[in-house]
Amino acid sequence: MSETRPTFANPVFCAVDRPDLDGAIDLVRVLQPHLGGIKLGLEFFTAQGPDGIRRMGGLGLPIFLDAKLHDIPNTVAGAMRGVVGLPVAMVTLHAAGGSAMMRAAVEIADASARRPLVLAVTVLTSLDEGDLVATGQRGTATEQALRLAELALAAGCHGIVCSPMEVAVMRREFGGVPRLVVPGVRPNSRQDDQKRTLDPAEAVGAGADIVVIGRPITAEPDPAAAALAIRASLDGVAGAA
Ligand code: C5P
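Right, let's walk through the structure included here.

Reading guide: rules and limits
- Residues numbered from 1 in each chain as written.
- Predicted model: local features only at pLDDT ≥ 70, side-chain atom pairs only at ≥ 80, totals over all residues.
- Heavy atoms only, no water.
- Helix = DSSP H or I, 4+ residues; strand = E, 2+ residues; numbered from the N terminus.
- Rg over C-alpha atoms; globule rule 2.2 N^0.38 Å.
- Buried < 20%, exposed > 50% of the residue type's maximum accessible area, 1.4 Å probe, protein only.
- Contact = heavy atoms within 4.5 Å.
- Areas by Shrake-Rupley, 256 points an atom, 1.4 Å probe, with all protein chains shown as cover.
- Lys, Arg positive; Asp, Glu negative; His and termini not counted.
- Charge placed at Lys NZ, Arg CZ, Asp CG, Glu CD.
- Pairing = 2+ DSSP bridges.
- Axes fitted to C-alpha atoms, helices over the stretch in contact; angles between N-to-C directions.
- Polar contact = N/O pair within 3.5 Å; in protein donor to acceptor, adjacent residues only side chain to side chain.
- Near = heavy atom within 4 Å.
- Nonpolar A, V, L, I, M, F, W, Y, C, P; charged D, E, K, R; others polar.
- Core = buried A, V, L, I, M, F, W, Y, C linked by side-chain atoms within 4.5 Å.
- Arc of directions from axis to C-beta.

A few words now on the overall build of the chain. The number of helices and strands found in the chain is 10 helices and eight strands. Relative to the compact-globule value of 18 Å for 241 residues, the chain shows a C-alpha radius of gyration of 17 Å, a close match. Burial analysis of the chain (241 residues in total) assigns 51% to the buried set. For the chain, long-range pairs separated by at least 24 residues make up 70% of all intrachain contacts whose partners lie at least 6 apart in sequence. Surface exposure of the chain reaches about 10,600 Å², of which carbon and sulfur atoms provide 52%. A gap of 4 Å separates the mean positions of the 22 positive and 26 negative side-chain charges of the chain.

Spatial strand order, β1-β2-β3-β4-β5-β6-β7-β8: eight strands in a closed barrel with parallel pairing. Geometrically, the sheet is characterised by an average inter-axis angle of 25° between neighbouring strands, direction not taken into account. As paired elements, strand β6 (residues 159–161) and strand β7 (residues 179–182) share three bridges and run parallel to each other. When the sheet's bridge partners are listed, I160 is paired in β7 with L180. Sheet contacts for helix α2 (residues 42–57): β2 (37–40) and β3 (63–69); angle to β3, the most-contacted strand, approximately 145°.

In this section: unusual backbone geometry. Residue K68 is not a glycine yet carries a positive backbone phi of 45°. By the element assignment, K68 lies in strand β3. Residue K68 is classed as partly exposed on the basis of its relative accessible area, which comes to 27%. Within the chain, R115 stands out as a residue other than glycine whose phi angle is a positive 50°.

In an α-helix, one turn spans 3.6 residues; hence positions three or four apart end up facing the same way. Regarding helix α1 (residues 21–31), the residues found buried are L21, G23, A24, I25, L27, V28 and L31. On its buried side, α1 packs onto β1 (12–15), β2, α2, α9 (215–218) and α10 (223–233). By the N-cap criterion, in which a side-chain oxygen at the helix start approaches the backbone nitrogen of a residue two or three places on, α1 is capped by D20, the distance to G23 being 3.2 Å.

This brings us to the site of the ligand. Near the ligand, the surroundings consist of 12 residues, among which D17, K39, R186, G214 and R215 are the closest. D17 has a polar side-chain atom sitting 2.7 Å from an oxygen atom of the ligand. Here an oxygen atom of the ligand sits 2.7 Å away from a polar atom, N or O, in the main chain of R215. The protein chains hide 84% of the 460 Å² of surface that the ligand would expose on its own. Of the residues in the shell around the ligand, the class split is four nonpolar, three polar and five charged.

A separate point is the environment of A96. Along the chain, A96 turns up in the loop between β4 (90–94) and α4 (99–110). C-alpha of A96 to C-alpha of A152: the two residues are 56 residues apart in sequence and 8.9 Å apart in space. Among residues more than four places away in sequence, those in contact with A96 are H70 and L148.

We now examine the nonpolar core. Grouped together as the largest cluster of nonpolar side chains are 68 residues, with contacts concentrated most on L35, M56, M80, L93, M102 and I217. The element contributing the most residues to this core is α4, with seven residues. Excluding residues that lie within four positions of it along the chain, M102 makes contacts with L93, A95, A120, L151, A152, A155 and C157. Among the nonpolar cores identified, the runner-up in size contains 13 residues, and A15, F64, L117 and V161 belong to it.

Glancing now at α10. Every buried residue of α10 is accounted for by P223, A224, A226, A227, I230 and R231. What you see down the axis of α10 is that its buried residues fit within an arc of 160°, all on one side. In this structure, the buried side of α10 is in contact with β1, α1, α8 (200–206), β8 (210–213) and α9.

Quick look at the structure:
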């Protein structure tokens with residue numbers, strides 16, 4: 001992996017899942033000292049668009065744009081041309097879009113000045129095995145995730161978004177190079193709608209490069225204290241800076 005790729009000293013990225021710009025800016029200003037970056041998803045992007053991403057990028061933290069691109073290769077390449085013009089360090093696409101689509105996206109990213117990491121989403125954690133069967137897929141969710149991860153890495157993707165329970169198996173299968181970005185991490189007893197979780201230290205210890213954490217920070221009475229505690233829990237954990 002090239003040294004010009006973005007690197008992240010602090011693995012804690014906060015999911016800023018809200019549609020309003022002013023609230024998002026205020027939240028990130030408060031959390032900033034304790035974060036490695038922020039994740040902005042479709043809720044923010046469909047409300048605030050590219051200008052919102054530029055404003056958030058102006059705050060100085062790396063931006064992970066969870067765009068979950070999935071379309072024909074030509075259309076995804078066009079969308080990636082828009083992404084690389086924004087202050088975005090990482091962007092997601094769906095591995096199920098296929099090899100040609102992923103290669104087209106990586107080509108645009110690698111040829112750009114910012115060279116964002118292209119991360120492949122495998123099986124959404126909201127799908128269970130019954131849902132996979134209903135869409136014509138065979139085998140367990142983990143088998144399907146491994147199949148799609150292999151396809152994504154062969155297509156040149158720089159990493160995988162995976163559930164906490166898949167980190168160890170992804171590391172075993174694909175070694176140390178691919179970035180593993182892990183949502184659904186829970187620092188305490190709170191679960192929300194996440195069903196299969198690890199705490200941040202367990203996830204980083206198992207090989208996560210980045211943990212994406214939303215409500216355990218944003219829904220706490222003191223979000224800055226929550227982010228600080230999560231960051232502190234990673235001190236000394238292998239893999240964390
Ligand atoms: O609030 P919470 O910590 O559950 O937020 C997790 C974030 O990670 C949300 O933004 C969610 O959309 C995202 N995510 C996830 N599971 C995936 C992919 C993304 O929870 N498989």
